[in-house]
Amino acid sequence: DFQTQADVNRLLRDVRETVIEFIEKLIGSVIQQLLNDKELLARLKTLAATGAYVFKGYKPTSIRLLSGRAISIDSAYFAKTASKSRGRKSKKRQKKSGCHLGLSYLCFIDRCSGVLISSAVQTALLCPSFQIATATLNSFGIEMNIKTLQRVCMSLGDQAINQRHRIALSDADSVEQRILFVCIDGGRLRERRTKRGRRPAGQKRQGYHTDWREPTQIVIEWLNTEGGKCEHMLPLYDATMADIDGAFKLLEAYFRQIDIGKADMVIFCADGARRYWKRFSSLAKRLNINACFEIIDYTHAKQNLKLVAENLPKKLGAKRLAEIWEEWKTLLWNGKLHDIHRQIRQLIQSPVRRRQALNKFKNYFLDNFRRMQYTAFRNLNLPTGSGCVESAIRRVINLRLKSPGRWLAGRTSDYKFIYQLL
């Protein structure tokens, strides 16, 4: 009404609010009518049976469409079926034991439309705090408080982290006529876990434990047939706070997504930890990977060979020890590990030191003989180092998660782990 208020901006805001309110009332009534449909309910019951859920009737709830305002509706509610075990039944209500399956069927995420969540989460990521994000959303006509915004971000993160192997890859990430170079390594960081029980007398805080955790870093690179990097295909970086079995489940999900069986060759590279190598071979058999190479990082091999060389007697002199070390590095590169083994027996006279050196050499080098043929790997244009994952450990974990004043909360999930990175 320009007669009483000559302000086009106020007019635009009023019209926007009126139109959005009309759309929400219209769509809300349509959604309610659809949720009451008997055919949809029968379809939901069939779908719920596959996940051991049972229909518990219609329950009132609320949804958010465009403006962020809660719209009350009645939705079909499904709960987990009771266990048939004869054990004592707990009266405590289980967390997330039920769901509004109809809303999930209609592509709602935590009772919010995808259009609303997209705007809310992008704003939360771009703004320095949730408080500023809510103020920014309110300026665009989206009503959402800090608590709701945090819940929406966590809900979307929980769903996205379970589908990250699909989100991170596209049809362009093809493995046909490509060599796939896979590196894996673990870092270390402290996690803050609040102490249980009463707060000690005279203390202002409850206190906490500082447990060590080992995140696992995964790097997947696409190489051409000559062993060089594909410039138009960026490497894939991912990390998880799960144990080693969880890390390999994540790696397997990526492999299945890109159809790893079509790759010309797959190269696994890591340090000498047994937990990696005993799982690499079983993973390759499970996914029918025919052309597969396993390579222990050459730098890690030299570091462990240096530990063996420290058992050499000091009476040989610094010059002779340096010559032996250079000779051992050459023999290691050429894959002549048995020559090093023979020299250890000849040069180390002390029974205790000789036994220590031989045990170390056997466990790390002789047991991994086929993974240390570096000259042969180079002749095939294969990489012999895992520098990409070592760099990722430094940049992702050491510099970002272990910076001063930054702590990871107890029972850290992958989403909270990645949320710290963001």
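In short, a report on the structure. (Residues numbered from 1 in each chain as written. Predicted model: local features only at pLDDT ≥ 70, side-chain atom pairs only at ≥ 80, totals over all residues. Heavy atoms only, no water.)

### Some thoughts on the overall build of the chain
Moving on, step 1. If you tally the helices and strands in the chain, you get 16 helices and 11 strands.
Moving on, step 2. In terms of overall dimensions, the chain has C-alpha extents of about 100 × 65 × 60 Å along its principal axes.
Moving on, step 3. The buried share of the chain, taken over its 422 residues, is 40%.
Moving on, step 4. Pairs at least 24 residues apart make up 68% of the contacts formed inside the chain by residues separated by at least 6 positions. (Helix = DSSP H or I, 4+ residues; strand = E, 2+ residues; numbered from the N terminus. Buried < 20%, exposed > 50% of the residue type's maximum accessible area, 1.4 Å probe, protein only. Contact = heavy atoms within 4.5 Å.)

### Describing the sheet that holds strand E4 (residues 179–186)
Moving on, step 1. Across the sheet, which stays open at both edges, the 5 strands sit in the order E8-E7-E4-E9-E10 with mixed pairing between neighbours. At either margin of the open sheet sits one strand with a lone partner, and together these are strand E8 (236–240) and strand E10 (292–296). In this sheet, neighbouring strand axes are inclined to one another by 15° on average, regardless of whether the strands run parallel or antiparallel.
Moving on, step 2. Most of the contacts of helix H15 (residues 387–401) go to strand E7 (residues 216–223), to which it runs at about 135°, and overall it touches E4, E7 and E8. (Pairing = 2+ DSSP bridges. Axes fitted to C-alpha atoms, helices over the stretch in contact; angles between N-to-C directions.)

### Considering the nonpolar core
Moving on, step 1. Formed by 68 residues in total, the largest nonpolar core has its most connected members in Ile220, Phe255, Trp328, Leu332 and Phe365.
Moving on, step 2. Element by element, the count of residues in this core is highest for helix H8 (residues 244–258), at 7 residues.
Moving on, step 3. Each residue touching Phe255, except ones within four places of it in the same chain, is listed here: Leu180, Val182, Ile220, Ile260, Phe268, Leu283 and Leu287.
Moving on, step 4. Counting residues in each nonpolar core, the second largest holds 16 residues, with Cys112, Leu116, Ala120 and Ala133 among its members. (Core = buried A, V, L, I, M, F, W, Y, C linked by side-chain atoms within 4.5 Å.)

### Notes on the sheet that holds strand E2 (residues 71–80)
Moving on, step 1. Strand order in the open sheet made by the 3 strands is E1-E2-E3, with antiparallel pairing throughout. Looking at strand neighbours, the two that pair on one side only are strand E1 (53–63) and strand E3 (98–99), the edges of this open sheet.
Moving on, step 2. Bridge count between E1 and E2: 9 bridges; the pairing is antiparallel. Within E2, the residue paired with Ile63 across the bridge is Ile71.
Moving on, step 3. Taken strand by strand, helix H1 (residues 8–35) contacts E1 and E2, and its axis lies near 35° from that of E2.

### Re a nonpolar patch on the surface
Moving on, step 1. A surface patch of nonpolar side chains, about 740 Å² in accessible area, is lined by Val15, Val19, Phe22, Ile23, Leu26, Ile27, Val30, Leu66 and Val115.
Moving on, step 2. The biggest single contributor to the nonpolar patch is H1, with 7 residues.
Moving on, step 3. Within the secondary structure, Ile27 is located in helix H1. (Patch = residues over 30% accessible without salt bridge, like charges linked within 9 Å, V, L, I, M, F, W, Y side chains within 5 Å. Areas by Shrake-Rupley, 256 points an atom, 1.4 Å probe, with all protein chains shown as cover. Salt bridge = Lys/Arg side-chain N within 4 Å of Asp/Glu carboxyl O.)

### Some points on the environment of Ala301
Moving on, step 1. Locating Ala301 in the fold gives a position in helix H10 (residues 298–309).
Moving on, step 2. The class for Ala301 is buried, based on a relative accessible area of 0%.
Moving on, step 3. Considering only alpha carbons, one finds Ala301 and Lys329, 28 residues apart in sequence, at a separation of 9.5 Å.
Moving on, step 4. The contact partners of Ala301, leaving out residues within four places of it in the chain, are Leu332, Tyr364, Phe365, Met372 and Tyr374.

### Here we look at the packing of aromatic side chains
Given two aromatic rings, their pairing is described by the distance between the two centres and the angle made by the two planes.
Moving on, step 1. Counting across every chain of the model gives 13 aromatic pairs.
Moving on, step 2. Between the aromatic rings of Phe293 and Phe377, the centroid separation amounts to 6.3 Å while the plane-to-plane angle is 85°, which identifies the pairing as edge-to-face. Pair noted here: Phe293 is in strand E10 and Phe377 is in helix H14 (residues 374–379), with a separation of 84 residues, a long-range link.
Moving on, step 3. Overall, the relative accessible area of 5% leaves Phe377 in the buried class.
Moving on, step 4. Judged by centre distance (6.4 Å) and plane angle (80°), the rings of Tyr374 and Phe377 are edge-to-face. Taken together, the positions of Tyr374 and Phe377, both in helix H14 and 3 residues apart, correspond to about one turn of that helix.
Moving on, step 5. Members of the aromatic cluster, each reached through a chain of ring pairs, are Phe248, Phe255, Phe268, Trp277 and Phe280.
Moving on, step 6. The ring of Trp325 carries the charged tip of Lys306 above its face, separated from the ring centre by 4.7 Å. (Phe/Tyr/Trp six-rings, centres within 6.5 Å; stacked < 30°, edge-to-face > 60°. Lys NZ or Arg CZ within 6 Å of the ring centre and 35° of its normal.)

### As for the environment of Asp339
Moving on, step 1. Note on placement: Asp339 falls in helix H12 (residues 337–347).
Moving on, step 2. Residue Asp339 is classed as partly exposed on the basis of its relative accessible area of 23%.
Moving on, step 3. C-alpha separation for the pair Asp339 and Trp328, spaced 11 residues apart in sequence, amounts to 8.7 Å.
Moving on, step 4. At a separation of 3.2 Å, a polar atom in the side chain of Asp339 contacts the side chain of Arg342. (Polar contact = N/O pair within 3.5 Å; in protein donor to acceptor, adjacent residues only side chain to side chain.)

### Comments concerning helix H11 (residues 318–333)
Moving on, step 1. For H11, which comprises 16 residues, the first-to-last C-alpha distance of 23 Å matches the rise-based estimate of 22 Å (1.5 Å per residue) to within 8%.
Moving on, step 2. Every buried residue of H11 is accounted for by Ile324, Trp325, Trp328, Leu331 and Leu332. Seen along its axis, H11 keeps its buried residues to an arc of 125°; they face one direction.
Moving on, step 3. Contacts made by the buried residues of H11 are with H10, H12 and H14. (Expected span 1.5 Å × (residues − 1). Arc of directions from axis to C-beta.)

### Side note on the side chain of Asp271
Moving on, step 1. Tracing the sequence through the fold places Asp271 in the loop between strand E9 (265–270) and helix H9 (274–286).
Moving on, step 2. As a buried residue without a salt bridge, Asp271 has its nearest oppositely charged side chain in Arg275, at a separation of 6.2 Å.
Moving on, step 3. One polar contact links the side chain of Asp271 to the main-chain amide nitrogen of Ala273, over a distance of 3.2 Å.
Moving on, step 4. Contacts of Asp271, omitting those with residues within four sequence positions, involve Asp185, Tyr276, Trp277, Ile296, His300 and Tyr364. (Lys, Arg positive; Asp, Glu negative; His and termini not counted.)

### A few points about H9
Moving on, step 1. Counted at 1.5 Å a residue, the expected span for H9 with its 13 residues is 18 Å, and the 19 Å between its end C-alpha atoms agrees.
Moving on, step 2. Within H9, burial applies to Tyr276, Trp277, Arg279, Phe280, Leu283 and Ala284.
Moving on, step 3. Turning to H9, the residues buried within the fold contact E4, H8, E9 and E10.

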